[in-house]
Amino acid sequence: MNEMESKPRMSRHHEVGLTDDQAIDMYRTMLLARRFDERVLLLQRAGKINFHVSGIGQEAAQVAAGFALDRDVDYYLPYYRDYGLVLSVGMTVRELMLSVFAKAEDPNSGGRQMPGHFGHKRLRIVTGSSPVTTQVPHAVGIALAAKMKGEKLVSFVTFGEGSSNQGDFHEGCNFAGVHKLPVIIMCENNQYAISVPIHKQIGGRIVDRAAGYGFPGVRVDGNDPLEVYQVVKDARERALKGEGPTLIEAMMYRLSPHSTSDNDLAYRTKEEVEENRAKDGIPKYKQYLIDAGIWSEEQDMQLNAELRAIIDDATNYGDKAPFPTPESTLLHVYDGDSEGGRA
Amino acid sequence: MPVMEYIEALRLAMREEMERDENVFVLGEDVGLKGGVFTTTKGLQQQFGEHRVLDTPLSESAIAGVAIGAAMYGMKPIAEMQYSDFMFPAANQIISEAAKIRYRSNNDWSCPVVIRAPIGGGIFGGLYHSQCPESVFFGTPGLKIVAPFTPYDAKGLLKAAVRDPDPVLFFENKKCYTLITGDVPETDYTVEIGKANVLREGDDITVISYSLPLHFALEAAAELQEEEGISAHILDLRTLQPLDKESIVEAVRRTGKVMIVHEDNKTGGIGAEVAAIIAEELLYDLDAPIMRVCGPDVPAMPINPPGEKFFMLNKGKVKDAMRQLALY
């Protein structure tokens, strides 16, 4: 069990460099990600949308990492469960809902990609795909370019533990280690690759692989946002000092099924899920804020009402927004091809 | 106008582009001090430094993936695959990522990367140092594919590729590197991507090709004209994707008899698509069945000399086929 549970220290957020307002804002963002996720699941079950891939159980680490980065300069290469991360670095719920409903105004892909496939150039959220972990070499390339140009920034890339077995993870890490690049590589270890549990995916520990690439690996409790914040912040400082990459393995649990097309009780028990739900980072962090005297149940009720209004508005907005025109399918194969790709 | 080798023209193109734009850089295996296994990048690291001419780990997916990341950031990377036979580990990065970045982000992000890879056999390279993989990538919208056959085109197309806002696969022919020499202007010129080039005007037959076999076709055409009075019209596709449909149609209409030549194997090759375009557009203009002269449908060419010679095209094979078509 982590320190927060065994011995509450009321100024832990101050110790890691967060003001009271920032600590609360972090909570607000993870709760927003959770409520958004729950809403989209409902929309799918109600038949309003076709598909949802959930990040429930992973928001605490995602949001903490986002808060530890520089939202004005850093680059983010999220994977498909990172609603918490993209909300932390500036994406709005409306924008996410436009993607969920696959509408023309969706800044991620103009309604082309599945939800959870993020991209937003103004926010430096780098467009991603479905073949997993291809984004790791991209993050390394961005870090290489930043280093070449003398820009003080880091690239931050995430992925699941299942996809850490892909060649691109290893090739990207090795390249980054050789060139000591300013990249933070964070594995969100949620214990499952769809149905395959961690012990059937990995013989050793992901964090230990860092040694083979010549940079530090840090394992962190992903349900403890203050710990994640500290570790990502330290990794960012190392990167900016020219000391190279850091591999972070954030331990967590995927509380939702893999996607809305998955029945998780075919391969894991309700008891196991419930046991892990008790370790959920969000209620624990709420309790920390209350114990620290900067949050209350009344404020929490107000916040929930406020978030509900935001999500209602975004749902309504996304639902009513127009689809892309059928002919727009032909656009943007190449630069300036207003008539689409040549046949 | 200086006369130089094909490989020198490639090197000059990279040097000029790196001098012109500080965002252009080269990365790949052995491209630094050694200057590449073929010496294509020789001297570039000495001129531009280790930061702009990067020796990478032996890891093709990272070479492509890192270049793609840097390109999305705003750089203009030229990634070298040592042999095109070794670019398949990078195929996911090229096909799933580079090709789709503009499209999947609805024009928000772009990926102006150049991936250079030597193609072709005839150097006793055996199965894995001789392949022509263009048909693997052809038919992936979002990619541009070019394949020069002269030093002039090598320089002009590579410079155009570097300046192109989209990903370009640049298939240079390794047999051409030092075998082919030609005039190369010292001026800053480019060869437009997406435009085919008429190499020879003629009235009896049309030959459509790209890369090394064009040299065989040109020599054969000169001899056939001289010896037998057969007049061949020759079109260099120059860009394989997107194909210059108008120029193909125009070249075929000129003679009504067409032959497509490439070293890549016949089934599913570029020639199949060119033939389909002709069938769609010009079926009633044809005076003979479309002919394809290509590598055989075997996995790749063997290293033993008779086997390699059997696989490779040459002037004689192309000339015989051209005569056959003319006589049809």
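Residues numbered from 1 in each chain as written. Chains lettered and ligands numbered in written order. Predicted model: local features only at pLDDT ≥ 70, side-chain atom pairs only at ≥ 80, totals over all residues. Heavy atoms only, no water.

Draft legend 1. Summary view of the overall build of chain A. Per the secondary structure count, chain A includes 13 helices and seven strands. Compactness check: chain A gives a C-alpha radius of gyration of 20 Å against a globular reference of 20 Å for 343 residues, within 12% of the reference. Sorting the 343 residues of chain A into buried and exposed places 58% on the buried side. A sequence separation of at least 24 residues applies to 74% of the contacts in chain A between residues at least 6 apart. With the model as given, the accessible surface of chain A reaches about 13700 Å², and the carbon-plus-sulfur share is 52%. Side-chain charges of chain A comprise 39 positive and 48 negative groups, with the mean position of each set lying 2 Å from the other. (Helix = DSSP H or I, 4+ residues; strand = E, 2+ residues; numbered from the N terminus. Rg over C-alpha atoms; globule rule 2.2 N^0.38 Å. Buried < 20%, exposed > 50% of the residue type's maximum accessible area, 1.4 Å probe, protein only. Contact = heavy atoms within 4.5 Å. Areas by Shrake-Rupley, 256 points an atom, 1.4 Å probe, with all protein chains shown as cover. Lys, Arg positive; Asp, Glu negative; His and termini not counted. Charge placed at Lys NZ, Arg CZ, Asp CG, Glu CD.)

Draft legend 2. Fine view of the domain arrangement of chain B. Residues and elements named next belong to chain B. As assigned here, chain B comprises domain 1 (3–183) and domain 2 (197–327). Buried area between domain 1 and domain 2, both sides added, is near 2400 Å², and the carbon and sulfur share of it is 61%. When the buried area of domain 1 at its contact with domain 2 is split by residue, Phe124, Phe138 and Phe149 rank highest and sum to 29% of it. Viewed at the interface, domain 2 and domain 1 are joined by one salt bridge. Aspartate 153 serves as the salt-bridge partner of arginine 238, at 2.8 Å between the closest nitrogen and oxygen. In this assembly, domain 1 and domain 2 are joined by 14 residue pairs in polar contact (both at pLDDT 80 or more). Of the residues contributing to the side of domain 1 that touches domain 2, the split by class is 18 nonpolar, twelve polar and four charged. (Domains from an automatic or database assignment. Buried area = accessible area lost by both parts, 1.4 Å probe. Salt bridge = Lys/Arg side-chain N within 4 Å of Asp/Glu carboxyl O. Polar contact = N/O pair within 3.5 Å; in protein donor to acceptor, adjacent residues only side chain to side chain. Nonpolar A, V, L, I, M, F, W, Y, C, P; charged D, E, K, R; others polar.)

Draft legend 3. Expanded view of the sheet that holds strand β11 (residues 232–236) of chain B. Residues and elements named next belong to chain B. Taken in spatial order, the five strands of this open sheet run β9-β11-β10-β13-β14, and their pairing is mixed. The sheet terminates laterally at β9 (197–200) and β14 (291–295), the two strands that pair on one side only. Strand-to-strand twist across the sheet, computed as the mean angle between neighbouring axes with direction ignored, equals 25°. As paired elements, strand β10 (residues 205–209) and strand β13 (residues 258–265) share four bridges and run parallel to each other. By the bridge assignment for β13, serine 209 is matched with valine 261. Strand contacts of helix α9 (residues 213–228): β9, β10, β11 and β13, with the helix running at about 165° to β11, the strand carrying the most contacts. Contacting β10, β13 and β14, helix α11 (residues 270–282) crosses the sheet at an angle of about 155° to β13. (Pairing = 2+ DSSP bridges. Axes fitted to C-alpha atoms, helices over the stretch in contact; angles between N-to-C directions.)

Draft legend 4. Layout of the interface of chain A and chain B. Contacts between the two partners involve 44 residues from chain A, matched on the other side by 44 residues from chain B. Across the interface of chain A and chain B, roughly 3700 Å² is buried in total on both sides, 62% from carbon and sulfur atoms. Linking chain A with chain B are two salt bridges, by the criterion used here. A salt bridge links lysine 149 of chain A to glutamate 22 of chain B; its shortest N-O distance comes to 3.2 Å. At the boundary of chain A and chain B, one finds 21 residue pairs in polar contact (both at pLDDT 80 or more). Elements with a contribution of two residues or more to the side of chain A that touches chain B: α7 (135–149) and α8 (167–178) of chain A. Here the side of chain A that touches chain B gets ten residues from one element, more than from any other, and that element is α7 of chain A. Residues that form the side of chain A that touches chain B fall into these classes: 19 nonpolar, 16 polar and nine charged.

Draft legend 5. Summary view of the sheet that holds strand β3 (residues 183–189) of chain A. Residue and element names in this part refer to chain A. Read across the sheet, five strands follow the order β1-β2-β3-β7-β6 without closing on themselves; strand pairing throughout is parallel. For this open sheet the edge positions go to β1 (75–77) and β6 (217–221), each flanked by a neighbour on one side alone. The sheet shows a mean angle of 20° between the axes of neighbouring strands, direction not considered. Across the sheet, helix α10 (residues 225–240) is in contact with β2 (155–160), β3, β6 and β7 (246–251); its angle to β6 comes to roughly 160°.

Draft legend 6. Examining the UniProt feature "domain: Transketolase-like pyrimidine-binding" (unreviewed entry) in chain B more closely. Here, UniProt's "domain: Transketolase-like pyrimidine-binding" (unreviewed entry) annotation points to residues 4–179 of chain B. Taken end to end, residues 4–179 of chain B has its terminal C-alpha atoms 10 Å apart, with 38% of it in helix and 17% in strand. (UniProt positions renumbered as here; feature names shortened; annotations may be inferred.)

Draft legend 7. Representation of empty space enclosed by the protein within the structure. Residue and element names in this part refer to chain A. For the structure on display, the rule yields four cavities of 30 Å³ or more. A volume near 110 Å³ is recorded for the largest cavity. Lining the largest cavity are 14 residues, with Pro78, Tyr79, Tyr80, Ser129 and Gln135 positioned closest to its centre. Of the residues contributing to the lining of the largest cavity, the split by class is seven nonpolar, seven polar and no charged. (1 Å grid on protein atoms, 1.4 Å probe; cavity = no way out; pocket = protein on both sides within 12 Å on 5 of 7 lines; lining within 4 Å. Points joined across faces, edges and corners; volume = space filled by probe spheres on them.)

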